[in-house]
Amino acid sequence: MKDNGNKTQGRTAWHALGADDVLDRLSASREGLSDDDARQRLEEHGPNQLRQKKSKPWWKRLLEQFNNVLILVLVGAGVVTFLIGQTIDSAAILGVVIINALIGFVQEGKAEKALESIKKMLSPEATVKRNGRKTSIPAEDVVPGDIVSIESGDRVPADLRLLETRRLRTQEAALTGESEAVDKGVDPVEEDADLGDRLSVAHAGTMVAQGTADGVVVRTGRHTEIGQISEMLEEVEELETPLLRKLDHFGRLLTIGIVVLAVVSFGIGWGLRDYSATEMFLASVAIAVAAIPSGLPAIVSITLALGVQSMAKRNAIIRRLPAVETLGAVTTIFSDKTGTLTRNEMTAQAIALADGEVAISGVGFAPDGTFSRDDQDITPDDDSLLRRLLTAGVLCNDADMVREDDDWTIRGDPTEGAFIVAAAKAGWSPDDLRETARRLDSIPFESERKYMATLDDMGEEGTVIHIKGAPEVILDRCTKVAGRDGEQDFDADAWGKKIEDLSSRGYRVLALAERRSDTDTLSEEEAEGDLVLLGLVGLLDPPRKAAIKAVETCRNAGIRVKMVTGDHKLTARAIGSQLGLEQTDEAMTGKELADVSDEDLKDLVARIDVFARAAPEHKLRLVKAIQADGEVCAMTGDGVNDAPALKQADVGVAMGIEGTEAAKEAAEMVLADDNFASIANAVEEGRKVYDNIRKSITFLLPSNGGEALVILGAVAAGIALPITPVQILWVNMITAVTLGMALAFEPAEGDLMDRPPRATDEPILDRFLIGRIVLVSVLLLVAVLSIFTWQRAMGVEIEVARTLAVNILVAGEIFYVFNCRRLLARSFSLEGLIGSRALLIAVGVVVVLQLAFTYAPPLQTLFGTGPLEAIQWAYVLGAGAAVFIIVEAEKALRRRRHRR
């Protein structure tokens, strides 16, 4: 029975089958399909495009933004204020609701672009053989069995089993995460080969970096590797952030509490006191207005927005506001290696010669570094063996080193560039060397050969063949080794151990050899016979210094960093060790991960910090496994293959320079500099944001609680309300948008990155904050109610007594906001009192507004206020100072108890 490509997805390992076997299974031939056969297959398999998901109507997305308890509480506050005649305040509150809804609406619309950006990666056209002739057709009409031709610059239109290649290299970074172009061939590979090792297949959506090829289509549309990623991305549900979960829970409790409080006050006043039902209704409305922290959503949004601005200055671009706070809760970071933890600048660091090893200092493409043997500096010009190897590395090479402003870059293959940089570190000019030694002929690198060779006229030294390539290929063709006193016999075992030693240290190893020649042209037979081995070179993409420091910072902050890369296990372990990851003794490959159950993976992912040769589904499983264990994780990535895991993670972090649009759209944060250190900076900003939100809540709730208790206390005592509903709205408005907002500008506390991550189940209001809120609410209640009652007993008019009550309430909040700058640490210090310019400005604004509230005739008419005497201002300041002193004393007691 014949295979039909797509329907056998998941069962047929096309990369492991011979070319003729693949053609036979697909009922295809190298001459291509006929038009009739292609039309029939198109009807059977459908167009070569990714599944189209029906978008949610815009109006539905807009309405969903209001499905939030806090938003509903705000709507209720707006309705209540409208009902009591305060149309301006009502409009302000409802305006906040609408702005928040629009922000969520716009952000959700952007998130839907992630899938669309993947769909655009499929090629628009394809060159196929139909009826024995090459023709160009729309890529969506490609079917399994089609023979497709690709060349440099093309985007591969479908998954192809390669039939014929000519120096073919494809750029698969978007799919596999590997930064270097991959050499492709026609030979079958192992059935269980990782995605990055399936060298006989060209994958849909990848770019042809070099060469040409013909291949037979084995999978199209959603059955391709990129199609499977698209399917995974559709299935991933975006997680609600810890802050949103807590605010939602808090909003529900607050709603219940407000309703209960209003009902209880109504019952007390109407049933136990002599208030009428109308009077108690207005009093209940006043309690509800007092208790609702109407400024909280605005303060949260502004605090998050300030966090976005701060992070942008530190190269972290936030795409979704709640992600700012979520970063502060991160316990695990999964990071890609190339370009994020490393410099993405391949560097020659070790050279194995016949008489020992030479170390090369300096990293990256800058020609700064020295050569040494046994920790003693040497000069390459004085070392004949080293000089011969470096010369071969420059001549058997097509890369160039270019300086752009203060930065050095490589034009050409970065691996070849490493040899040019090494020669420059020796003080040589690669261009001068190439002019002296004229190239006569060359054999370019091809994946089938795994080597490059050049025929060079070396002047007096004659004509020399230089060859560079994979050690297993070069060493098989060597009969001699370049020694200090001439050529030596080649010892395969000894050099095999040198390769193992370099590989175990994480180096990518290349071998260089040469051979004298007397021809003017270069053939494969000439290049492959009786070579003299010059030595081995160990190359490494070095870790960023900033990343090493950032990993240490994360470790001190209780955050585990785990590396997930497409590189080989040995390289990954070596880089992980240099970075300072906690557990690098063992590493896990994608192939090993696939054989582990979800339950066992939870234990493994908690223990292992290095994951190599990881495929898209493996990354997604890792994120899900760590989340199942209650962790909050960030996942970095740059390729399409990373998009599902980025979307699944609590915080997806995409690369801004090398990242694909699919990765950026699926992520909550984009790194402008592709540097892991920027993630650590963003975590610090995220912790600061959460701290400041918590401080704002700790400030707002006692203010609202004190107001509500004052009304309830007055009802229970059967006296006139010390503060009217409209005065409550005034206090809420001026303190929330000034004092509460000022806390959003608080700088990070010194020990922020020495604290462990907060627990995900930790409520916003823990016992500590509840105790603080109750304490301050009671202090405000006592201060306002006692002085108001005393003043009324002294015969002070109701308008003046209420004005005094309002000012005592505002003064208490002014003094208390300084307590809130440090929730537990001492605020009674020079820095604690004058260390925040934003807060001092806010206090000044509130003082001016309160003077206008007290003395300006228009405001006296509007709010029913009267002027205060000097002695009454003393009562105001005394009450505020008492609140500050008592809260500072409570802090001191808590610190003393904590030290015990």
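Residues numbered from 1 in each chain as written. Predicted model: local features only at pLDDT ≥ 70, side-chain atom pairs only at ≥ 80, totals over all residues. Heavy atoms only, no water.

Description of unusual backbone geometry
Note the threshold: Strands here mean DSSP runs of E at least two residues long; helices mean DSSP runs of H or I at least four residues long; both are numbered from the N terminus. Only protein chains enter the accessibility calculation, which uses a 1.4 Å probe; a residue whose area is less than 20% of its type maximum is buried, one above 50% is exposed, and one in between is partly exposed.
Even without glycine at this site, Asp374 takes up a positive phi of about 50 degrees. Its location among the elements puts Asp374 in the loop between strand 12 (371-373) and strand 13 (376-378). Residue Asp530 is not a glycine yet carries a positive backbone phi of 50 degrees. Along the chain, Asp530 turns up in the loop between helix 18 (524-527) and strand 22 (531-540). For Asp530, a relative accessible area of 52% translates into the label exposed.

Quick look at the packing of aromatic side chains
To keep it simple, the criterion reads: Two rings from Phe, Tyr or Trp (for Trp, the six-membered ring) form a pair when their centres are within 6.5 Å of each other. A pair whose planes differ by under 30 degrees is stacked, one over 60 is edge-to-face, and the rest are tilted. The criterion for a charge sitting over a ring is simple: Lys NZ or Arg CZ within 6 Å of the ring centre, and within 35 degrees of the ring normal.
Tallied over the entire structure, the rule returns seven aromatic pairs. Centre to centre, the rings of Phe853 and Phe863 are 5.5 Å apart; their planes meet at 50 degrees, and the pair counts as tilted. Taken together, the residues Phe853 in helix 31 (residues 837-855) and Phe863 in helix 32 (residues 857-863) connect sequence positions 10 residues apart. Taking relative accessible area as the criterion, Phe853 reaches 0% and is therefore assigned buried. Joined through ring pairs, the aromatic side chains of Trp730, Phe853 and Phe863 make up one cluster. Lying over the aromatic face of Trp495, Lys498 brings its terminal NZ or CZ to 5.1 Å of the ring centre. Over the aromatic face of Tyr690 sits the side chain of Arg758, whose NZ or CZ is 3.4 Å from the ring centroid.

Notes on helix 28 (residues 767-793)
Heads up, the condition is: For a helix, the expected span equals 1.5 Å multiplied by the residue count minus one.
The terminal C-alpha atoms of helix 28, which comprises 27 residues, lie 38 Å apart, in line with the 39 Å expected from a rise of 1.5 Å per residue. Just beyond helix 28, the residue with positive phi is Gly795, at close to 90 degrees.

Re the side chain of Lys129
Stated precisely, the cut-off is as follows: The charge count treats Lys and Arg as positive and Asp and Glu as negative. His and the chain ends do not count. Criterion for a salt bridge: a side-chain nitrogen of Lys or Arg within 4 Å of a carboxyl oxygen of Asp or Glu. Any N or O atom pair separated by 3.5 Å or less is treated as a polar contact, with the protein-specific requirement of one donor-capable and one acceptor-capable atom, and with residues adjacent in sequence counted only for side-chain atom pairs. Contact between two residues is taken to exist if any of their heavy atoms lie within 4.5 Å; hydrogens are not considered.
Relative to the elements of secondary structure, Lys129 occurs in strand 1 (residues 125-130). Of the side chains bearing the opposite charge, Glu31 lies closest to the buried Lys129, which forms no salt bridge; the N-O distance is 4.7 Å. At 3.3 Å, the side chain of Lys129 and the backbone oxygen of Arg30 are in polar contact. When residues no more than four places from it in sequence are discounted, the contact partners of Lys129 are Arg30, Glu31, Gly32, Leu33, Lys134, Asp146 and Ile147.

Re the pairing of strand 11 (residues 356-360)
Put simply, the rule is: For two strands to be treated as a pair, DSSP must find at least two bridges joining them.
Here four bridges tie strand 10 (residues 347-353) to strand 11, and the two strands are oriented antiparallel to one another. Its bridge partner lying in strand 11, Ala350 is registered against Ala359. Sheet topology places strand 11 next to strand 12; two bridges connect them, and they run antiparallel. Each residue of the ladder has a partner; that of Ile360, found in strand 12, is Phe371.

Concerning the nonpolar core
Worth spelling out the cut-off: Here, nonpolar core means buried Ala, Val, Leu, Ile, Met, Phe, Trp, Tyr and Cys residues that are tied together by side-chain atoms lying within 4.5 Å of each other.
By size, the foremost hydrophobic cluster in this structure holds 144 residues, and its most contacted members are Leu536, Met669, Phe676 and Leu739. In contact with Phe676, not counting residues within four places along its chain, are Ile333, Ser335, Thr340, Leu341, Ala547, Ala550, Val551, Cys554 and Val561. Core analysis: the next-biggest nonpolar cluster, separate from the first, contains 36 residues, Leu386, Leu395, Ala418 and Trp428 among them.

A closer look at a nonpolar patch on the surface
The cut-off we apply is this: Residues enter a patch when their relative accessible area is above 30% and they make no salt bridge; the linking distance is 9 Å between like charges and 5 Å between nonpolar side chains (Val, Leu, Ile, Met, Phe, Trp, Tyr). Surface accessibility follows the Shrake-Rupley procedure with a 1.4 Å probe radius. Residue values consider only the protein chains on display as shielding.
Together, Phe828, Leu830, Leu833, Ile834 and Leu840 give the surface a local cluster of nonpolar side chains, amounting to about 500 Å² of exposed area. Mapped onto the fold, Leu830 is located in helix 30 (residues 830-834). On the accessibility criterion, Leu830 (67% relative accessible area) is exposed.

Topic: the packing of helix 13 (residues 384-395) against helix 14 (residues 414-425)
The following threshold applies: The angle between two axes is taken between their N-to-C directions and runs from 0 to 180 degrees, where each axis is a line fitted to C-alpha atoms and a helix contributes only its stretch in contact. Working rule for angles: under 35 degrees goes down as roughly parallel, over 145 as roughly antiparallel, 65 to 115 as roughly perpendicular, anything else as oblique. By convention the crossing between two helices is left-handed if the near helix lies anticlockwise of the far one by an angle smaller than a right angle, and right-handed if it lies clockwise. Amino acid classes used here: Ala, Val, Leu, Ile, Met, Phe, Trp, Tyr, Cys and Pro are nonpolar; Asp, Glu, Lys and Arg are charged; the rest, including Gly, are polar.
Interaxial distance between helix 13 and helix 14 falls to 8 Å at its minimum, and their mutual angle equals 135 degrees. The angle between helix 13 and helix 14 falls in the class oblique. Remark: the crossing between helix 13 and helix 14 carries left-handed chirality. Contacts from Leu390, Gly393 and Val394 in helix 13 reach Phe419, Ile420, Ala422 and Ala423 in helix 14. Its residues placed into classes, the contact of helix 13 with helix 14 shows six nonpolar, one polar and no charged.

Looking at the sheet that holds strand 28 (residues 669-671)
Ordered by their spatial adjacency, eight strands build an open sheet running 8-28-27-26-9-23-25-24, and the pairing between neighbours is mixed. Each edge of the sheet is formed by a strand with only one pairing partner; in this case those strands are strand 8 (316-318) and strand 24 (588-589). Pairing between strand 26 (residues 633-637) and strand 27 (residues 651-655): four bridges, direction parallel. Counterpart to Met635 in the pairing with strand 27 is Gly652.

Considerations on the pattern of salt bridges
Close approach of charged atoms allows side chains of opposite charge to pair. Under the counting rule described, the total for this entry stands at 48 salt bridges. Where Asp146 meets Arg130, a salt bridge forms, and the shortest distance between an N and an O atom there is 2.7 Å. Of the two residues, Asp146 sits in the loop between strand 2 (133-138) and strand 3 (147-151) while Arg130 sits in strand 1, which places them 16 residues apart along the sequence.

A few points about the packing of helix 29 (residues 798-820) against helix 31
Where helix 29 contacts helix 31, the two axes come as close as 11 Å, and the packing angle between them is 175 degrees. What the angle tells us is that helix 29 and helix 31 run roughly antiparallel. Residues Thr803, Val806, Asn807, Val810, Ile814, Val817 and Phe818 of helix 29 form the contact with helix 31, whose participating residues are Leu839, Leu840, Val843, Val846, Val847, Gln850, Phe853 and Thr854. When its residues are assigned to classes, the contact of helix 29 with helix 31 shows 11 nonpolar, four polar and no charged.

Some words on the confidence of the model for the chain
The condition that has to hold: As a per-residue measure, pLDDT tells how confident the predictor is, with possible values from 0 to 100.
Across the chain, the average pLDDT comes to 83, with 85% of residues at 70 or higher. In this model, residues 107-122 is a region of pLDDT below 50 whose contacts with residues beyond four sequence positions or in other chains number 50 contacts.

Details of a negative patch on the surface
Stated precisely, the cut-off is as follows: Note on charges: their place is set at NZ of Lys, CZ of Arg, CG of Asp or CD of Glu.
On the surface, a cluster of negative charge is made up of Glu404, Asp405, Asp406 and Asp407. Along the chain, Asp407 turns up in strand 15 (residues 407-411).

Details of the side chain of Lys337
Tracing the chain through its elements places Lys337 in the loop between strand 9 (332-335) and strand 10. Judged by relative accessible area, which is 3%, Lys337 ranks as buried.

Points about the environment of Arg449
Within the secondary structure, Arg449 is located in the loop between strand 16 (438-446) and strand 17 (451-457). Between the alpha carbons of Arg449 and Ala470 there is a distance of 9.1 Å; along the sequence they are 21 residues apart. Apart from the residues lying within four places of it in its own chain, the contact partners of Arg449 are Ile443, Pro444, Val473, Glu524 and Glu528.

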